[in-house]
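One-letter residues, chain by chain:
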Amino acid sequence: MMAAARVGGDEQHLSCEICTNAYSSTGRRTPQVLRCGHSYCADCIGDLRRHAANNVITCANRCGVATPADQEVQKCYQLTKAVEAKEQQERQQLGLLHKCATAAHSLSP
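Residues numbered from 1 in each chain as written. Predicted model: local features only at pLDDT ≥ 70, side-chain atom pairs only at ≥ 80, totals over all residues. Heavy atoms only, no water.

Novice: Just give me the short version of the overall build of the protein, but keep the residues and values in it.
Specialist: Assigned secondary structure in the protein consists of two helices and seven strands. In the protein, the succession of helices and strands from N to C terminus is β-β-β-β-α-β-β-β-α. When each of the 109 residues of the protein is scored for burial, the buried share is 31%. For the protein, restricting intrachain contacts to residue pairs at least 6 apart in sequence, the fraction spanning at least 24 positions comes to 42%. (Helix = DSSP H or I, 4+ residues; strand = E, 2+ residues; numbered from the N terminus. Buried < 20%, exposed > 50% of the residue type's maximum accessible area, 1.4 Å probe, protein only. Contact = heavy atoms within 4.5 Å.)

Novice: Residues and numbers for the side chain of T30, please.
Specialist: Structurally, T30 can be placed in the loop between β2 (11-15) and β3 (31-33). In this view, T30 contacts Y23, S24, S25, Y40, C41, A42, K75 and T80; residues no more than four positions away in its chain are not counted.

Novice: I'd love a proper account of helix α1 (residues 42-50), names of residues and values included.
Specialist: Residues of α1 that are buried: A42, C44, I45, G46 and L48. On its buried face, α1 sits against β3, β4 (39-41) and β5 (56-58).

Novice: With reference to specific residues and values, describe the sheet that holds strand β7 (residues 74-75).
Specialist: Strands sit in the order β4-β3-β7 across an open sheet of three strands; the sheet is antiparallel. One side of each edge strand has no neighbouring strand; the edge strands of this open sheet are β4 and β7. For β3 and β7, the ladder comprises two bridges, and the chain directions are antiparallel. In the sheet register, V33 faces β7, and the bridge partner there is Q74. (Pairing = 2+ DSSP bridges.)

Novice: Which residues make up the environment of K81, and what values go with them?
Specialist: For K81, the location among the structural elements is in helix α2 (residues 77-107). Put simply, K81 and S25 are 56 residues apart on the chain and 7.7 Å apart in space, counted from C-alpha to C-alpha.

Novice: Talk me through the pattern of salt bridges; I want residue IDs and the actual numbers.
Specialist: Two side chains of opposite charge can pair, provided their charged atoms sit close to one another. Counted according to the given criterion, the structure contains four salt bridges. In this structure, the salt-bridge partner of R29 is D43, at a minimum N-O distance of 3.5 Å. Linking R29 in the loop between β2 and β3 with D43 in helix α1, this pair joins segments that are 14 residues apart in sequence. Residue R50 is joined to D47 by a salt bridge in which the shortest nitrogen-to-oxygen separation is 2.4 Å. Here R50 pairs with D47, and both are found in helix α1, just three residues apart, close to one helical turn. The exposure class assigned to R50 is exposed, which follows from its relative accessible area of 57%. Among the residues examined, D47 registers a relative accessible area of 33% and is labelled partly exposed. Each member of the salt-bridge network shares a partner with another, and the members are R28, R29 and D43. (Salt bridge = Lys/Arg side-chain N within 4 Å of Asp/Glu carboxyl O.)

That's the geometry; what it means functionally is another story.
Next comes the structure, spelled out in structure tokens:
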């Protein structure tokens with residue numbers, strides 16, 4: 001399984017298989033894709049690169065496809081797009097919760 005991506009109703013779960021942290025659309029948790037097609041967060045890719053034997057990144061899934069450690073690992077745009085959509089949905093939900101809390105507070109005696 002590449003990156004964990006599960007959609008059930010309104011729930012969408014996107015996380016790195018190595019560290020299990022949720023992906024983010026920017027920063028150290030941005031999903032990146034190795035040559036083999038497996039995606040991990042930028043932080044874990046950095047760890048794989050630092051521990052690369054013979055200047056070759058070994059995929060955590062042990063698929064056997066080598067990624068040269070000295071080449072740039074590309075952002076996984078498909079996962080990033082899904083993460084951005086999830087983040088936007090979360091911001092909208094927080095905005096609604098804030099409006100509800102403000103309205104409830106203004107109604108209290």
